[in-house]
Amino acid sequence: QVQLVESGGGLVQAGGSLRLSCAASGSIFSIGVMAWYRQAPGKERDLVASITTAGTTNYADSVKGRFTISRDNAKNTVYLQMNTLKPEDTAIYYCKANDLRTSWSRYLEVWGRGTLVTVSS
């Protein structure tokens, strides 16, 4: 069974930092693009950042210069370093993996269950 498990969320004051991790498990052969999304209360789920297998990154304008996405392909893990956090960054953060392949299956996309980030003012 393939799954993504996020960790690292929590409560932080404005201006602080958090580092999120998302580890994929389940006899994985390869993973394509990995990404972080977030969903604030009453709002849609939006892309925060993505990273290709080769390391090419993409960021939402709202987080450029503050957040950094990275990945460790050997560990099937993606990270999100979040600095200079703002109250408007408060949301549930979800990890997504595209084109995940195991020894016997291919998954077009797999989502984690999310981790809550709360930024107090």
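For the structure, check the block above.
Residues numbered from 1 in each chain as written. Predicted model: local features only at pLDDT ≥ 70, side-chain atom pairs only at ≥ 80, totals over all residues. Heavy atoms only, no water.

Some details on the overall build of the chain
Under the convention used in this document: The numbering of helices and of strands both runs from the N terminus, where a helix is a DSSP run of H or I of at least 4 residues and a strand a run of E of at least 2. The atom set for the radius of gyration is the C-alpha atoms, and the globule formula is 2.2 Å times the number of residues raised to the power 0.38. Only protein chains enter the accessibility calculation, which uses a 1.4 Å probe; a residue whose area is less than 20% of its type maximum is buried, one above 50% is exposed, and one in between is partly exposed.
Per the secondary structure count, the chain includes zero helices and 12 strands. Taken from N to C terminus, the helices and strands of the chain fall in the order β-β-β-β-β-β-β-β-β-β-β-β. The C-alpha atoms of the chain give a radius of gyration of 14 Å, which matches the 14 Å a tight globule of 121 residues would have. With the C-alpha coordinates aligned to their principal axes, the bounding extent of the chain is approximately 50 × 25 × 20 Å. Relative to its 121 residues, the chain shows a buried fraction of 41%.

A closer look at the side chain of glutamate 6
In plain terms, the rule: A residue counts as positive if it is Lys or Arg and as negative if it is Asp or Glu; His and the chain ends are not included. By convention in these notes, a salt bridge is any Lys or Arg side-chain nitrogen within 4 Å of a carboxyl oxygen on Asp or Glu. Side-chain atoms alone can form a polar contact between residues adjacent in sequence; in general such a contact is a pair of N or O atoms within 3.5 Å, and within protein one must be able to donate a hydrogen while the other accepts it. Residue contacts are counted whenever heavy atoms from the two residues lie within 4.5 Å of one another.
On the secondary structure map, glutamate 6 appears in strand E1 (residues 3-7). Of the buried charged residues, glutamate 6 lacks a salt bridge, with arginine 45 as the closest side chain of opposite charge at 7.5 Å. Within the local environment of glutamate 6, its side chain forms a polar contact with the backbone nitrogen of arginine 113, the two atoms lying 3.1 Å apart. For glutamate 6, the residues in contact, after removing those within four places along its chain, are Ser21, Cys22, Trp36, Tyr93, Tyr94, Cys95, Gly112, Arg113, Gly114 and Thr115.

Description of the packing of aromatic side chains
Quick reminder of the rule: Aromatic pairs are defined between Phe, Tyr and Trp rings, using the six-membered ring for Trp, whenever the two ring centres lie within 6.5 Å; interplanar angles under 30 degrees are classed as stacked, those over 60 as edge-to-face, and all others as tilted. Counting as a charge over the ring demands two things of the Lys NZ or Arg CZ atom: a distance within 6 Å of the ring centre and an angle within 35 degrees of the ring normal.
All told, the structure shown has one aromatic pair when counted by the stated rule. A cation over a ring is seen here: arginine 45 above tryptophan 111, with NZ or CZ 4.7 Å from the ring centre.

Digging into the side chain of threonine 115
Looking at the element boundaries, threonine 115 is found in strand E12 (residues 115-120). A distance of 3.3 Å separates the side chain of threonine 115 from the backbone nitrogen of glycine 9, its partner in a polar contact. Once you skip the residues sitting within four places of it in the chain, threonine 115 turns out to touch Glu6, Ser7, Gly8, Gly9, Leu20, Ala91, Ile92 and Tyr93.

What about the nonpolar core?
Generally speaking, a soluble globular protein has its nonpolar side chains buried in company with each other. Using the following cut-off: Take the buried Ala, Val, Leu, Ile, Met, Phe, Trp, Tyr and Cys residues and link them wherever side-chain atoms come within 4.5 Å; each set so joined is a nonpolar core.
Of all hydrophobic cores here, the largest spans 31 residues; its most connected members are Trp36, Leu80, Met82 and Tyr93. Breaking this core down by element, the ones donating at least two residues are strand E3 (18-25), strand E5 (34-39), strand E6 (45-51), strand E8 (67-72), strand E9 (77-82), strand E10 (91-102) and E12. A per-element tally of this core places E10 first, with five residues.

Here's the deal with the pattern of salt bridges
Considering all chains together, one arrives at six salt bridges under this definition. A salt bridge links lysine 96 to glutamate 109, with the shortest nitrogen-to-oxygen separation between them at 3.7 Å. Linking lysine 96 in strand E10 with glutamate 109 in strand E11 (residues 106-111), this pair joins segments that are 13 residues apart in sequence. Residues arginine 106 and aspartate 99 are paired through a salt bridge, measuring 2.7 Å at the closest nitrogen-oxygen approach. With relative accessibility at 23%, the residue aspartate 99 sits in the partly exposed group.

A look at the sheet that holds E8
Using the following cut-off: Note on pairing: DSSP must find at least two bridges between two strands before they are called paired. Geometry is summarised by axes, namely lines fitted to C-alpha atoms with helices restricted to the contacting stretch, and by angles between N-to-C directions that run from 0 to 180 degrees.
Spatial ordering of the open sheet is given by E1-E3-E9-E8, a layout of four strands whose pairing is antiparallel. The open sheet is flanked by E1 and E8, the only strands paired with a single partner. Pairwise comparison of adjacent strand axes, ignoring direction, gives a mean angle of 15° for this sheet. Where E3 lies against E9, six bridges are found, and the strand directions are antiparallel. What sits directly across from alanine 23, in E9, is threonine 77.

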